[in-house]
Structures are given as structure tokens and as C-alpha cells.
There are 2 protein chains.
Amino acid sequence: MLEADYVTTDPDVLEAYRSDQARFGRAGQPLALARPRETREVVRILEYAHEHRIPVVPQGARTGLSGGAAAVDGAILLSLERMDRILDVDEVDHTATVQPGVVNAVLSKAVADKGLFYPPDPGSWESSTIGGNVATNAGGLCCVKYGVTSDFVRELEVVLADGRVLRTGRHTAKGVAGYDLVRLFTGSEGTLGVITEVTVALRPAAEKPLTALAFFATPVEACRTVTAYLSTGRRPSVLEFMDRATVDAVSAYRDLGFPDDVGAVLIAQSDRGPAAPDDLDAFARAARECGATEVLVASDPAEGDLLIEARRLVGVAVAQLGDQLIDDVCVPRSRLAELIDGIVAIGREHGVAVPCCGHAGDGNLHPTVVFDAADPESVRRGQAAFDAIMALGLRLGGTITGEHGVGTLKRAWLETELGEVGLSVHQAVKQAFDPRGILNPGKVIARPSC
Amino acid sequence: MLEADYVTTDPDVLEAYRSDQARFGRAGQPLALARPRETREVVRILEYAHEHRIPVVPQGARTGLSGGAAAVDGAILLSLERMDRILDVDEVDHTATVQPGVVNAVLSKAVADKGLFYPPDPGSWESSTIGGNVATNAGGLCCVKYGVTSDFVRELEVVLADGRVLRTGRHTAKGVAGYDLVRLFTGSEGTLGVITEVTVALRPAAEKPLTALAFFATPVEACRTVTAYLSTGRRPSVLEFMDRATVDAVSAYRDLGFPDDVGAVLIAQSDRGPAAPDDLDAFARAARECGATEVLVASDPAEGDLLIEARRLVGVAVAQLGDQLIDDVCVPRSRLAELIDGIVAIGREHGVAVPCCGHAGDGNLHPTVVFDAADPESVRRGQAAFDAIMALGLRLGGTITGEHGVGTLKRAWLETELGEVGLSVHQAVKQAFDPRGILNPGKVIARPSC
Ligand SMILES: Cc1cc2nc3c(=O)[nH]c(=O)nc-3n(C[C@H](O)[C@H](O)[C@H](O)COP(=O)(O)OP(=O)(O)OC[C@H]3O[C@@H](n4cnc5c(N)ncnc54)[C@H](O)[C@@H]3O)c2cc1C
Ligand SMILES: Cc1cc2nc3c(=O)[nH]c(=O)nc-3n(C[C@H](O)[C@H](O)[C@H](O)COP(=O)(O)OP(=O)(O)OC[C@H]3O[C@@H](n4cnc5c(N)ncnc54)[C@H](O)[C@@H]3O)c2cc1C
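Quick caveat, the model's predicted, so the values are computed rather than measured. (Residues numbered from 1 in each chain as written. Chains lettered and ligands numbered in written order. Predicted model: local features only at pLDDT ≥ 70, side-chain atom pairs only at ≥ 80, totals over all residues. Heavy atoms only, no water.)

With that out of the way, let us pick up the overall build of chain A. Secondary structure summary: chain A contains 14 helices and 18 strands in total. Radius of gyration (C-alpha) of chain A: 22 Å, near the 22 Å computed for a compact globule of 450 residues. Seen through its principal axes, chain A has C-alpha atoms that stretch 65 × 60 × 40 Å. Within chain A, the proportion of its 450 residues that are buried is 61%. When contacts within chain A are restricted to residue pairs at least 6 apart in sequence, those whose partners lie at least 24 apart make up 71%. Charge separation in chain A, taken as the distance between the mean sites of 44 positive and 61 negative side-chain charges, equals 4 Å. (Helix = DSSP H or I, 4+ residues; strand = E, 2+ residues; numbered from the N terminus. Rg over C-alpha atoms; globule rule 2.2 N^0.38 Å. Buried < 20%, exposed > 50% of the residue type's maximum accessible area, 1.4 Å probe, protein only. Contact = heavy atoms within 4.5 Å. Lys, Arg positive; Asp, Glu negative; His and termini not counted. Charge placed at Lys NZ, Arg CZ, Asp CG, Glu CD.)

Each side of the interface is counted separately: chain A has 73 residues, and chain B has 73 residues. Among the residues chain A hides against chain B, the three largest losses belong to Lys174, Val176 and Tyr179 of chain A. Together they make up 18% of the total. Summed over the shared surface of chain A and chain B, the number is six salt bridges. A salt bridge links glutamate 417 of chain A to arginine 170 of chain B; the shortest N-O distance between them is 3.6 Å. Taken together, chain A and chain B are joined by 22 residue pairs in polar contact (both at pLDDT 80 or more). For the side of chain A that touches chain B, the elements supplying multiple residues, two or more each, are strand E9 (165-169), helix H6 (181-185), strand E11 (203-204), helix H7 (219-230) and helix H14 (411-433) of chain A. The greatest single-element share of the side of chain A that touches chain B, amounting to 13 residues, is contributed by H14 of chain A. Residue composition of the side of chain A that touches chain B, grouped by class: 28 nonpolar, 28 polar and 17 charged. (Buried area = accessible area lost by both parts, 1.4 Å probe. Salt bridge = Lys/Arg side-chain N within 4 Å of Asp/Glu carboxyl O. Polar contact = N/O pair within 3.5 Å; in protein donor to acceptor, adjacent residues only side chain to side chain. Nonpolar A, V, L, I, M, F, W, Y, C, P; charged D, E, K, R; others polar.)

All names here are of chain B. Topologically, serine 124 is positioned in the loop between strand E7 (116-117) and helix H4 (130-136). The class of serine 124 is partly exposed, set by a relative accessible area of 24%. Distance in space between the C-alpha atoms of serine 124 and valine 57 is 20 Å, their sequence separation being 67 residues.

The next thing to look at is the site of ligand 2. Residues and elements named next belong to chain B. Neighbouring ligand 2 are 33 residues, the closest being Pro58, Gly60, Thr63, Ser124 and Thr129. Glycine 60 has a polar backbone atom sitting 2.7 Å from an oxygen atom of ligand 2. Between ligand 2 and glutamate 189 there is a distance of 3.1 Å, counted from an oxygen atom to a backbone nitrogen or oxygen. Here ligand 2, which alone exposes 970 Å², has 90% of that area covered by the protein. Of all the elements in the fold, those that place two or more residues in the shell around ligand 2 are strand E3 (56-59), H4 and strand E10 (194-201). Of the residues forming the shell around ligand 2, the biggest block, five residues, is contributed by H4. Residue classes in the shell around ligand 2 are distributed as eleven nonpolar, 19 polar and three charged. When residues of the shell around ligand 2 are assigned to domains, at least three fall in each of domain 1 (7-79) and domain 2 (86-204). (Near = heavy atom within 4 Å. Areas by Shrake-Rupley, 256 points an atom, 1.4 Å probe, with all protein chains shown as cover. Domains from an automatic or database assignment.)

Moving on, we get to the confidence of the model for chain A. For chain A, mean pLDDT is 96; residues scoring 70 or higher make up 99% of the total. As scored by the predictor, the complex reaches a pTM of 0.97 and an ipTM of 0.97. (pLDDT = per-residue confidence, 0-100.)

Bringing the nonpolar core into the picture now. Leu181 and Phe433 of chain A together with Leu181 and Phe433 of chain B are the most contacted members of the largest nonpolar core, which has 175 residues in total. Sequence-distant contacts of phenylalanine 433 of chain B, defined by excluding residues within four places in its chain, comprise Val425 and Val429 of chain A together with Leu160, Ala161, Leu181, Leu184, Phe185 and Leu192 of chain B. Ala4, Ile45, Ala49 and Val194 of chain B belong to the second-largest nonpolar core, a separate cluster that totals 23 residues. (Core = buried A, V, L, I, M, F, W, Y, C linked by side-chain atoms within 4.5 Å.)

Residues and elements named next belong to chain A. Look at H14: only 19 Å from first C-alpha to last across 23 residues, short of the 33 Å you get at 1.5 Å a residue. Largest kink in H14: about 110°, centred on glycine 419. Burial in H14 covers these residues: Leu414, Glu417, Leu418, Gly422, Leu423, Val425, His426, Gln427, Val429, Lys430 and Phe433. (Expected span 1.5 Å × (residues − 1). Bend = angle between axes of the 7 residues up to and from the residue.)

Moving on to the domain arrangement of chain A. Residues and elements named next belong to chain A. For chain A, the assigned domains are domain 1 (7-79), domain 2 (86-204), domain 3 (210-315) and domain 4 (322-430). Put simply, the middle of domain 2 and the middle of domain 4, counted by C-alpha atoms, are 27 Å apart. Each partner contributes residues to the interface: domain 2 has twelve residues there, and domain 4 has nine residues. Carbon and sulfur atoms supply 52% of the area buried between domain 2 and domain 4, which totals about 720 Å² over both sides. Counting the surface domain 2 buries against domain 4, the share from its top three residues, Val144, Glu189 and Leu192, is 45%. On the surface where domain 2 and domain 4 come into contact, there are zero salt bridges. Put simply, domain 2 and domain 4 have five residue pairs in polar contact (both at pLDDT 80 or more) between them.

This part is about helix H13 (residues 376-395) of chain A. Since one α-helical turn is 3.6 residues long, residues separated by three or four positions face the same way. Residues and elements named next belong to chain A. Under the 1.5 Å per step criterion, the end-to-end length of H13 is 29 Å for 20 residues, consistent within 8% with the ideal 28 Å. Along H13, the residues that are buried comprise Ser378, Gly382, Ala385, Phe386, Ile389, Met390, Leu392 and Gly393. Take H13 and look down its axis: the buried residues cluster within an arc of 160°, on one side only. Looking at H13, the residues exposed on the side facing more than 90 degrees away from the buried face are Pro376 and Arg395. Tucked into the core, H13 has its buried residues touching strand E16 (323-326), helix H12 (336-350), strand E18 (364-371) and H14. Looking at where H13 begins, the residue whose side-chain oxygen comes 2.9 Å from the main-chain nitrogen of glutamate 377 is aspartate 375. Positioned one or two residues after H13, glycine 397 has a phi angle of 80°, which is positive. (Arc of directions from axis to C-beta.)

The structure is reproduced here in C-alpha cells:
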């Protein structure tokens, strides 16, 4: 094995790094863990792995939900966590350059100190890394206004499968010189190269948001509100949906004084400073016109924090219900109501609870299948419900994953979504970047049959 | 040759389709011109060309400025101009699906009739096609606020080199299922596949813009205004720069009542309706603080049209000066003043006029080298100045092309920008999509040496 002070084969350490946050996947037995501090060391690892045809699994903070960072048998786990330096924050050009192991929250706070704003805000922002966010093209609550991670990535340094170092993209706001490889690496889940440096675009700091919350008797009215409100041309900085089961779980976990018998909730925010009250009035109007039973508009940011608290508690509240498998379908927003109704029907059919919340403004929902991991029959039913939800998403013109990625969890479903030609083009791209198939093998797509 | 009613070999017709709007490139002698009406016919052409290893040059409206749509010897010119149907405008999901030959202005007007807005607005919008805009990732005036073409492309149908039909991307606002092939095709200038259908995102209609114009003694103060204004967090819908030579050319062409001895002009617009006057006040304040000699703020959209008229006249006014070669460098906006000063110096050194205007908010300028095509020495000096400008752009951390693309005009410079590893990755991608090298050969990158 590669001898270096940043490589270990200690079984306890390997065990600690074997898995990410995905359920249902079997993580493999790794050979070693490498934790380089510099690009030069990543190069050495890749050169070695390439020469000896050893699989390499890039890892950020392993908060991934699809098995992308989970070990593969005989692999070198390549954790970027020690490459955690912020290299530059440019206050004129509004860019930041970081090593991949910088945690999202660390970057966000560092730029906030300079009056700047890094919008992509996955729920995992306090632990997930910028490298992982780029590799998965992470989304979050404020994407509905600001876009996803890829909308902020300008330039990458990538160590290729054979150890060569590629710099691609540029520091400028625009540019069309050559193919958009930055976008190709973004969201490629470690299968095309190892990201060792990232330059992201920043924005001037936004104002503290104001918040409104609307209750509905059924999801249909909430969905109608979403399309009505977005047709006004206003861009909420947050527009989140919670279904009845989610609201019930949150209320059981902590009494927020919500009315009984809530069928659905929408939470909207605006960070447009002086224009925010007007935005929320427009939201309240749209909600009422679409049949909201009650609308609360916070009069200051602090009161708003109480309203958005309901959304923040979803993860921990739903976790009380049992083991969970978080899905991540995304549909055109005109089909949102059908998706939500369909999910309820699927839960009923398979006899599992599926509380559902998500980024309504983007049509991106996270139905969470609740099951009992100790009961094989419950596991089977949970898995069946999970699959049925993806099938429904595709039937509604959507995608199997809006932001969590494919990993191993959704590899079979990806083939369905891509179709035969799409799959073969993916294989050709993979082959072009990684002819020996050492980069995160078995993730996203199976090895080309050739 | 392929027999079909959509194929012609008439020499006069071929001659008419041989070139685009680029200067300095020699267009080749094509074999035939195909003008299919349906994807099925594009498939037949590609299958034929693939089998017989005949080059294929995709063409939109041939308004390109870099030779991308110019004929290659022995090629089939594949014009998409007859595939010009708008297939769908979705008023709920805010998307439009079109064939590639739809002219930008036709789409823009069609969606405006439904209260929607397709932002990408290249100067050629009244003639260039959506297919061409996607293939070049076209920019325009309002990119500074809304982004470029690629920010609006959601789904593509692409006929691959061997005639297979790929659908890639999705109708949804978000999605991370597989590699981002949509972005890879966008800006690939016809070298990776032929785009036969495009789904773009739309926005609700914006308000009519208000306009302000600031005069400066030198470019430095204008550039300082750009960074100062953008640091306020306001996003102008237009933020354009014109240098002294450009202002002089416009004033010579039409008297707009500008003061004498203008060193530089900035034009800003805001389309934020009730917030627009406040935006322009902030712009005026920033301009004055940075040393503007005079600031005009239009009190209504009609008065604003007069102010932006100066920018609209640039093309025709500069054309009066002689033959021209339009450059398209883009730098980080902190380097804009250095770029502008450097361009003046380059013009002086090479003895050519280089009026310069462009999208200041994005750091993307169009220095226009004026020369006399009938005088070989002038041509030589013009070409030398053109090259020196790209070298300067790269030296300032920028790119050789912000929006016009590489084509044949900038192929050698692309190699410099990409570097050795970048170039070889580009060649590997090209090889994966077009192993026989029939798609727009010689454009963007030379054939891999293998
Ligand atoms: C509580 C919780 C909330 C979450 N909320 C969201 C959310 O709102 N939105 C969202 O999109 N996701 C969310 N996620 C999922 C996850 O946090 C994101 O996918 C995140 O981007 C992963 O970052 P990471 O550093 O943990 O990467 P990892 O999980 O370690 O890796 C993820 C993938 O990226 C690859 N990778 C990591 N680093 C590199 C690198 N430097 N070079 C190449 N490949 C690399 C890995 O091989 C793997 O395929 C959530 C997860 C949790 C546990
Ligand atoms: C007056 C004027 C102003 C301009 N202003 C701008 C501006 O502001 N911003 C800007 O970005 N550009 C501008 N341009 C350049 C040009 O208009 C753009 O590049 C435009 O996008 C080209 O569109 P087109 O339909 O004319 O494509 P063409 O010129 O015909 O083709 C351009 C490239 O795209 C390829 N292509 C075309 N259609 C397809 C297809 N369906 N599938 C695959 N490949 C295809 C061609 O092979 C070629 O490489 C301007 C040009 C002029 C003449």
C-alpha cells in the first residue's frame, strides 16, 4: 500500500469512515483511508491507485443520503476533510476560493463577516463540505430564489483519474471558452475526478428575512398558492411545504400552538428588506384567494424565526417516528398536488407512513418513508413505497432526485430516467474521464459493459 | 449524395450559406445544404454523414461572430432554420419548448403575449435562433441581472453524431440525476451534437425599465462606479460601458446632445417597477461619489429609451469607421479599468482604432478593432491588435471569449487558455461524442492527434 503519513489502514478508523448517511446500502470493506492536506498528495494517491487499478472513493463529511461516499470493497477512501482552508475571499469581485474540505457553514460565516453571502444552504450546512456540495450539486431552502450550488461554482481544480491536475472554468462572471466542464464535474458524485479547489461566486449580504405561514385544509390549495404566488414575479427567498403527517409529527414533538387538523402548511420568506412586508402581503393574499384557513405574517425577523422553526424541526420530529428513508423527487410545479396526493396513496397502499415536506417553489419534495429496520417485512414495504414514489415522480414529468443525488441508492432508477441512449452517453463520458474505472466505481452508473 | 427534398447542391444557394458574420476566416466549399423540417430528417442526415464520414456543419441564422457556422470543405451544411415551430408555452410552469430554428425575437414576443419573459437578449436577437443561442451560450445586455442562455436551458433533444436521438435534462426547476449534459451541449458550438428541440425556463414579465446615464472624464471612474454600485446588492437589469472612441463614433453618427470631451459613459437600467427610481438614485449616488461629471436619470421609460439609444447605435456607428473585428474578452470586474487602459495602449501601439463598449457589470467588453480590409498591412496590424487584446484579457485573469464563442477565429487562443491538460480533456470529450470527427470539424478544438 501507498506509504505516507496521511494514509492509515487502522481497522477502527476505516470502520468509522465506511458509510455515509444513506440507508439500505451495504458499504464495502475499504483497504485504506487517505487524508491528504494538499493537492500534491491527492495526485500521489491517484497516480498510485491508477497504476494499481485500486478504486478510490472521494469523501467530504459523509452527510450524503444516497451512498455516494460509502466504501467500495478494496477501495482507498480519499477524505478531503483536512483540506479545509479558505484561500481567498475577494470583496470586489465577490468570489471565494476554498479547499474542498471547508464546511459550508464555515465559508458562509467567513464571507458574512465581510458583508457577503454564499446562498447554497443544504440542511446539512453545519457539517457538509463545499467539495461534497459541489460533487452533489447540493440544494437547500433558499434555492428557490438564488439557485443551487452549480449556479455559484466558477472554477475548479480537479485531480483526474490518472493524477493529472486540471484547472477548469474561470474567475469571471461569464465565459464560453470551450466546453462547460465545471458543470460536468458539479453533481458528478466523485465519479469523474477529485475536486481539490473551488472558486464560488458570492453576493452582497441579503437583508434578514421576514416570514409568513399559511394553513390549508388540503395540499391542493397550498399548491395552487405556490403557482399563483410565483406568477406574480416575486421571488420568495424560501417557499416550503409541509403536509399533514409532517405537521402532526412536529406538533407531537413540540407544541407550536398550531391549530388542530391542519391539512398542509406553506412557509414563505422574503429577504428584500423594505420590500419584504409587501412581498408577504402578496403571499398572504394569494394564500387567502386559494383558500387558506389562516395566514400568519410575522412583524419582525424574530417572530419569523418562530414560524420557520416548524420547518427546522421536521428532521428531528420525523426521526421520532421510526427508521426513515428520505426521498427527493422533483416535478414541474404544476404537478405538485398530484405528487402529494399520490404519495399519500402510496403510503396507504404499502402500509407505511410517508410524511412529506420540501421546497415547494422548486417542485422538489422530500417524502420520508418511515419503517422499522428490525422488521424485514416493514423494510420490504418501505422499499416498495420508496420505489413507487420515484416511479410516480417520473410519471409526472419529474426526476428521481432533485438534490440528493444518485449514489448507489438510485442507480437502477437512474437508468430508467436516462433511457438507453442517455445511459450510453453517460457511460461514454465516464469512460473518457476514467478509462480504468477507479473513481467511485458502482456509484451513479454501473461500469460500461465493454 | 443523400437524396431528399430538403437537400440541395445548387451552387448559388450553397454560396449564400457558406459564411457567418466572422471576419478573417476562410469559409470552405460545402458539398450540399440540408434544411430539414423534423428531427427524423436530421437523424437521416447524420446517419448518412456518419456512415460516409462526411463533415456536418450545423447552422442557425449564421449571425455568429467566430466562424462557428462557416462551411468546411466537403461538408453538409445542416441549417435548422426550417425547424421553427414554438411547440409549447406553459403558463404555470413558466417554460417554453421550441424547435431550434425559432428566432429569439419570435419566442420573446410569443411569451410576452402571455405575460412571460425570456431574458437572454443577444444584440442579434431579431435574427439569431434559439438553437444558435444555445449552441453558443449567447449573452446580452440583461445577463448582468438574469444570467446567460445556459441559465435558462432545461431540456434538450440532441441528434448525436451517429444519428441516435438523446433527450437530456428535464422540465423541472431542479434535478441532479446523472451528469449535466445540457450544460455540456450548451456552448459546444455544434461540435458534440445537433440540437433539435429546446425547453427553456421563462420568468414572469418584468416591468418596463427606467434608465440612467453617467458621464465620466476617464474610464477608471466608470469602472469604480461599477464595483461600487454592484456592492450595494442592487442588480441593474442593464449596466453598459462605452469608451471615449465609442461615444465619439456615436456622436459623429447622430447628435444625441452629449457634452464634448466625454471620457466614458455608463448606462444603467432597473426593471424593478416601484423600486426602480430608488435603484437609479443609488446608481447616480455611486457615480457621483466615484467622480462622474454628470448623471442623467430618466423620469419615465420613454425618456430612458433616448438614453439607451446611444448604446443601441454603437454597432452601426462604429461600422462607419471601417472594417471591423469585434473582440469579446471578459475579466473579473476588479480588472476592468486595467483592461480598458490596456486596450487603448494596444490600439496606439498597433496604429488602429479600437472603440470599446460592453457589458461592464459582467466584466465583458467588446473592443472593436477597426481596420481596412483592402490594405494587407492594416489587416496585419488589426489582427495583431486583436491577438494582443486576448493576451491582455488572459493576463488579467480573464477569458478570450465572454459570449461570442471560439469557432475558428479563436481556436489557437483557446489552446492557450485551456492549457495542456484542459485541451486533452476537451479532446477526450469530443472523441467520446464524435469518434469519427464529423461534427463541425476544426471548430473550437482541432482534431485529436490520435
Ligand atoms: C440532515 C441532513 C440534511 C441534508 N439536507 C440537504 C439539503 O437540504 N440539500 C441537499 O442537496 N442535500 C442535503 N443533504 C445531503 C448531503 O448533506 C449533501 O449531499 C452534501 O452536499 C454532501 O456533502 P458532504 O461533504 O457530506 O459529502 P459526502 O457525503 O462525503 O460525499 C457526497 C458525494 O460527493 C463525493 N465527493 C465528496 N467530496 C468530493 C470531492 N472533493 N471531490 C469529488 N467528489 C467528492 C462523494 O464521493 C460522494 O459521491 C442533507 C443531509 C443530511 C444528513
Ligand atoms: C449584430 C450582432 C450582434 C450580436 N450580439 C451578440 C450578443 O449580444 N451576445 C452574444 O452572445 N452574441 C452576439 N452575437 C453573435 C451571434 O448572434 C450569437 O452567437 C448567436 O447565438 C448565434 O445564433 P445563430 O442562430 O445565428 O447561430 P449560427 O451563427 O448559425 O451558429 C452559431 C454556432 O452554433 C452552432 N449551431 C447553430 N445551431 C445549432 C443547432 N441547432 N445545433 C447545434 N449547433 C448549432 C453552429 O454550428 C455555430 O457553431 C451578435 C452577432 C451580430 C451579427
